[in-house]
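# Working through the structure, step by step
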Amino acid sequence: MERVINTLSKNLSAWGRRALVQTGDGLASLKEVVLDNGNLLLSKARVTVSDASATTLQVIQSRFGSRR
C-alpha cells in the first residue's frame, strides 16, 4: 500500500509540474497576443488622430484662408 501511495505521489507531482509549465507557457503566449493587439490598437489610434488633425487643419485653413 505504501508503494502505491509513493507511486501516486510521484505521478501527481510530475503532473503538477507539467501543468504548471503548460500554464506558464500559455500565459506567456497570451501575454504576447495581448501586447500585439495593444500595439495594433495604438497604431490605429495614432492613424485616426493623425487623420482627424489633418482634417481639422484643412477646415481651419479653408475657413480662415478664404478671408485673406
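Everything below is about the structure printed above this text.
The structure contained in this document is the topic of the report that follows. (Residues numbered from 1 in each chain as written. Predicted model: local features only at pLDDT ≥ 70, side-chain atom pairs only at ≥ 80, totals over all residues. Heavy atoms only, no water.)

Of regular secondary structure, the protein chain possesses one helix and zero strands. Overall size of the protein chain, expressed as C-alpha extent along the three principal axes, is 100 × 10 × 5 Å. Accessible surface, the protein chain: about 6,400 Å² in total, of which carbon and sulfur atoms supply 61%. Here the protein chain contributes 10 positive and 5 negative side-chain charges, whose respective centroids are spaced 9 Å apart. (Helix = DSSP H or I, 4+ residues; strand = E, 2+ residues; numbered from the N terminus. Areas by Shrake-Rupley, 256 points an atom, 1.4 Å probe, with all protein chains shown as cover. Lys, Arg positive; Asp, Glu negative; His and termini not counted. Charge placed at Lys NZ, Arg CZ, Asp CG, Glu CD.)

Moving on to the environment of Val49. When you line up the elements, Val49 lands in helix H1 (residues 2–65). Relative accessible area serves as the criterion here: at 54%, Val49 is assigned to the exposed category. Spatially, the C-alpha atoms of Val49 and Arg63 are 21 Å apart, while their sequence positions differ by 14 residues. (Buried < 20%, exposed > 50% of the residue type's maximum accessible area, 1.4 Å probe, protein only.)

The next subject is a nonpolar patch on the surface. Nonpolar side chains collect at one region of the surface, where Met1, Val4, Ile5 and Leu8 lie side by side and expose about 440 Å² of accessible area between them. Its place among the elements puts Leu8 in helix H1. Classification of Leu8 by relative accessible area gives partly exposed; the value is 46%. (Patch = residues over 30% accessible without salt bridge, like charges linked within 9 Å, V, L, I, M, F, W, Y side chains within 5 Å. Salt bridge = Lys/Arg side-chain N within 4 Å of Asp/Glu carboxyl O.)

Another aspect to go through is the environment of Ser53. Structurally, Ser53 is set in helix H1. Taking relative accessible area as the criterion, Ser53 reaches 42% and is therefore assigned partly exposed. When the C-alpha atoms of Ser53 and Asp36 are compared, they prove to be 26 Å apart, with 17 residues separating the residues in sequence.

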